[in-house]
Amino acid sequence: MKTRWAIVGLLVAACESEPQAVLSTEAVVDAEVSTTPTAPPEPAAEAGQVEHGQALVSKYQCNRCHDIDGVEPPELDYDCAGCHQKILAGDFEATEEELSHWQGRLHSLDEVPSLSGTDRLSRAWVASFLPAAHDVRPNLLASMPRFDMPDADAEAIAAFLVPSAEPERPTLGDAQRGRALLSEKGCMSCHRMTGVPAISALPTEEPLAADVLARGQKMAPDLRWARDRMRPASLVQWIVDPKAVKADASMPELGVTEAEAADIAAYLTSAELEPVALGEVPELPASLERPVTYAEVYDRIFGKICRHCHSDPDVVIGDGGPGYDGGFGFTKRALDLSTYEGLRSGSLDDDGKRRSVFKEVGGKPRIVAHLLARHSEVAGRPVEGVRGMPLGLPPIPMDDIVLLQTWIEQGRKKQ
Ligand code: HEC
Ligand code: HEC
Ligand code: HEC
Ligand code: HEC
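Procedures and definitions
Residue indices follow the written sequence of each chain, beginning from 1 at its first position. Labels follow written order: the first chain is A, the first ligand is 1, and so on. For a predicted model such as this one, the threshold for reporting local features is a pLDDT of at least 70, and the threshold for listing and counting side-chain atom pairs is 80 or more; totals across whole chains, interfaces and linings nevertheless cover every residue. Water and hydrogen atoms were dropped before computing side-chain values, which therefore reflect all heavy atoms in the structure. Note on terminology: near, applied to a residue and a molecule or strand, indicates that one of the residue's heavy atoms is within 4 Å of it. Identification of polar contacts relies on pairs of N or O atoms within 3.5 Å, with a donor-acceptor requirement for protein atoms, meaning one able to donate a hydrogen and the other able to accept it, and with residues adjacent in sequence counted only if both atoms are side-chain atoms. Strands are runs of DSSP state E lasting at least two residues, helices are runs of H or I lasting at least four, and both sets are numbered from the N terminus onward. All residues other than Ala, Val, Leu, Ile, Met, Phe, Trp, Tyr, Cys, Pro, Asp, Glu, Lys and Arg, Gly among them, are scored as polar; the first ten of these are nonpolar and the last four charged. Because water is not among the atoms used, a metal site may look incomplete, as its donors are only the N, O and S atoms within 2.8 Å, or 3.2 Å for Na, K and Ca. Here a cavity denotes a set of grid points, spaced 1 Å apart and computed over the protein atoms alone, in which a 1.4 Å probe fits but from which it cannot get out, and a pocket denotes an open set meeting protein on both sides within 12 Å along at least five of seven lines; residues with an atom within 4 Å of a point are reported as lining. Grid points are joined across faces, edges and corners, and a volume is the space filled by probe spheres set on the points. Only protein chains enter the accessibility calculation, which uses a 1.4 Å probe; a residue is then buried when its area is under 20% of its type maximum, exposed when over 50%, and partly exposed in between. Contacts are assigned to residue pairs that have any heavy atoms within 4.5 Å of one another. Start and end points for every domain follow an automatic or database-based domain assignment. Summed over both partners, buried area is the accessible surface (1.4 Å probe) that two parts give up on being assembled. We count a salt bridge whenever a side-chain nitrogen from Lys or Arg sits within 4 Å of a carboxyl oxygen from Asp or Glu. Any site counts as irregular unless it has four donors with all angles between 85 and 135 degrees, making it tetrahedral, or four or six donors with opposite ones more than 155 degrees apart and the rest between 65 and 115, making it square planar or octahedral.

Enquirer: Let's hear about the site of ligand 4: which residues, and what values?
Expert: Contacts to ligand 4 come from 23 residues, most closely from Cys306, Cys309, His310, Ser347 and Met389. Between ligand 4 and the protein, one listed contact pairs a nitrogen atom with a side-chain N or O atom of His310 at 2.8 Å. Within the side chain of Arg355, an N or O atom sits 2.9 Å from an oxygen atom of ligand 4. Of all the secondary structure elements, the ones that give two or more residues to the shell around ligand 4 are α12 (294–302), α13 (322–325) and α15 (366–378). For the shell around ligand 4, the element with the highest residue contribution is α15, accounting for four residues. Tallied by class, the residues present in the shell around ligand 4 amount to 15 nonpolar, four polar and four charged.

Written out as structure tokens, the structure is:
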């Protein structure tokens, strides 16, 4: 039997809901809920696959963003998240002045979920996520890059991250009770669950320290994905004691009993979900009438974001970034966005030949097309053949993209 909602609410962020909505959900839940997923439990992964997956994790340089069980971190010059964290914590070797200048400009990849305790995840989910990542944590600025990854590679990496056989699936509890507990236990003070009628956000029974709450809110996944992501046994165990499942989990233990966790897990895995709402892709505004200079475009776009992945390695510390040298499994594009000359000399195509980033694709200069494609990806509509830029980061505001478009139309001069 399936859980059925009599009235399915609109997609409303949990924090916008009225507190009294909790107890008066106009929902009808069948008394007995079968929460057994239809796919059979996953067997242990083959040793050969696990080994191959570990080699691929090196090839795709996953450790530049993630701490990974059994994988060494890279040198600091290659460690995107590690270096950002060091700078923000103030223990990077530099002058006070440099540090505070950088700290004011650093926003992303300060925190990335570690890949430890990944045996809690469904191997099938990991394999489907890697080549076509979607946003899991609504309040985290960065998302997983959209890789260029064949399914076979994703399956091997999933085997490495989730080598074990799935434990026996537990009997889950009462979904309607679980829904009420999500509110009463304070779960929604950090989490959202999109696709179900809003669940009100009450505080946790024990008040949380401000830093625990802030970090938790930033890192908390949208609970709609939990049924696909988590193995059912780990899901229940996680709700009781997150650190027993993942030692560095950023969710605190909240005094939930095993039986309550089984109720919550029943709701998380069986509540009927509205489909993910596709976002609107904003229109590029009309080009500006006023003159636009390269300096302005550099300040707003290339110097602020792009050059961190697209630089000439001879002039920066470390490498030229994945958009220059290749990296994260991409081929070398040698696109330097840190200087006017670099921008003008373009990038390498799939055959290693230079091409202009101003040549039109789909009616827009290539470089503008890649920026617009990021808006489409975030709206859930990835563009075939044009990877959104900046890779895995929030889209550039339309008002800045139109600066670039205008500068190009005005003859893209250096001065
Ligand atoms: C540029 C940084 C970056 C790189 C490189 C990267 N990731 Fe991620 N990854 C992230 C971020 C950020 C998240 C969190 C995204 C979210 O929650 O929406 C994430 C999430 C994940 C998750 C989900 C884990 C969880 O707890 O939600 C898995 C699994 C994962 N990455 C695996 C990989 C693998 C395997 C690679 C290499 C093929 C890789 N990542 C490379 C940034 C990166
Ligand atoms: C050696 C330290 C170091 C490493 C390694 C490093 N960064 Fe940064 N990153 C910085 C500093 C410092 C800034 C701020 C500099 C500024 O804008 O003046 C920055 C800024 C950024 C920005 C723009 C601001 C923001 O937070 O969005 C992005 C994007 C970025 N880095 C991405 C990356 C990626 C991706 C990697 C790995 C491929 C990486 N960085 C590796 C030090 C580092
Ligand atoms: C202080 C904020 C906070 C509170 C309160 C909180 N969580 Fe979490 N929760 C998190 C964070 C952060 C993560 C991700 C942890 C990580 O990856 O290390 C998480 C992860 C989860 C996951 C795994 C989801 C997934 O897709 O990986 C579940 C399930 C979950 N929480 C359920 C609950 C329940 C049920 C409650 C209430 C009893 C609750 N949470 C309360 C912050 C919170
Ligand atoms: C996190 C790293 C990262 C950031 C930040 C980033 N890029 Fe990229 N960029 C890449 C990678 C990797 C590729 C190669 C992708 C591929 O081969 O499909 C690429 C490719 C491109 C290409 C296509 C080149 C070609 O000929 O195929 C353009 C154009 C581009 N980036 C522009 C930008 C602009 C503009 C920004 C800033 C708004 C930016 N990128 C920010 C990593 C990044």
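Enquirer: Report on the coordination of the iron atom of ligand 2, specifying residues and quantitative values.
Expert: Protein coordination of the iron atom of ligand 2 is limited to a single donor, His84 (NE2), which sits 2.1 Å from the metal. Relative to the helices and strands, His84 is located in helix α2 (residues 80–89).

Enquirer: Break down the layout of surface pockets for me, with residues and values.
Expert: Size it by volume and the second largest pocket reaches roughly 970 Å³. As for the second largest pocket, its lining consists of 32 residues, and the residues nearest its centre are His134, Asp135, Glu377, Val378 and Gly380. For the lining of the second largest pocket, a count of residues per class yields 20 nonpolar, five polar and seven charged.

Enquirer: Describe the site of ligand 3, and please don't skip the residues or the numbers.
Expert: Lining the immediate environment of ligand 3, one finds 30 residues, of which Cys187, Cys190, His191, Arg229 and Met251 sit closest. Of all elements in the fold, only α7 (210–219), α8 (226–229), α9 (232–240) and α11 (258–270) reach the threshold of two or more residues within the shell around ligand 3. No other element matches α9, which puts three residues into the shell around ligand 3. Its residues assigned to classes, the shell around ligand 3 shows 20 nonpolar, six polar and four charged.

Enquirer: Now, about the side chain of Glu377: what can you tell me, with residues and values included?
Expert: Inspection of the secondary structure assignment puts Glu377 in helix α15. Look at Glu377 and you get buried, because its relative accessible area is 13%. Side-chain polar atoms of Glu377 contact the side chain of Arg146, separated by 2.7 Å. A polar side-chain atom of Glu377 sits 2.8 Å from a polar atom in the side chain of Arg374. Not counting residues up to four positions away in its chain, the partners in contact with Glu377 are Arg146, Pro382, Val386, Arg387 and Gly388.

Enquirer: Before we move on, can you summarise the domain arrangement of the protein chain with the specific residues and values?
Expert: It is common to report an interface's size as the accessible area lost on association of the parts. Under the domain assignment used here, the protein chain contains domain 1 (14–35 + 167–270), domain 2 (47–161) and domain 3 (294–409). Here domain 1 and domain 2 have C-alpha centroids that lie 26 Å from each other. Facing the 18 residues of domain 1 at the interface are 20 residues of domain 2. For the pair domain 1 and domain 2, the summed buried area comes to about 1900 Å², and 49% of that belongs to carbon and sulfur atoms. The largest per-residue losses of area from domain 1 upon contact with domain 2 belong to Lys218, Met219 and Arg229, which jointly make up 37% of the total buried on that side. Here domain 1 is connected to domain 2 by two salt bridges. At the junction of domain 1 with domain 2, the criterion picks out 11 residue pairs in polar contact (both at pLDDT 80 or more). No other element matches the four residues that α7 contributes to the side of domain 1 that touches domain 2.

Enquirer: Help me get a handle on the coordination of the iron atom of ligand 1, residues and values and all.
Expert: Six octahedral donors around a metal ideally make angles of 90 or 180 degrees; four tetrahedral donors ideally make 109.5 degrees. Each protein donor to the iron atom of ligand 1 is listed here as His66 (NE2) and Met144 (SD); together their distances run 1.9 to 2.2 Å. Given six donor atoms and angles of 87 to 180 degrees at the metal, the environment of the iron atom of ligand 1 is assigned as octahedral. Taken as a pair, His66 in the loop between α1 (47–59) and α2 and Met144 in the loop between α4 (123–129) and α5 (151–161) lie far apart in primary sequence, 78 residues in all. When its relative accessible area of 13% is taken as the criterion, His66 is described as buried. Using a relative accessible area of 22% as the deciding quantity, one classes Met144 as partly exposed.

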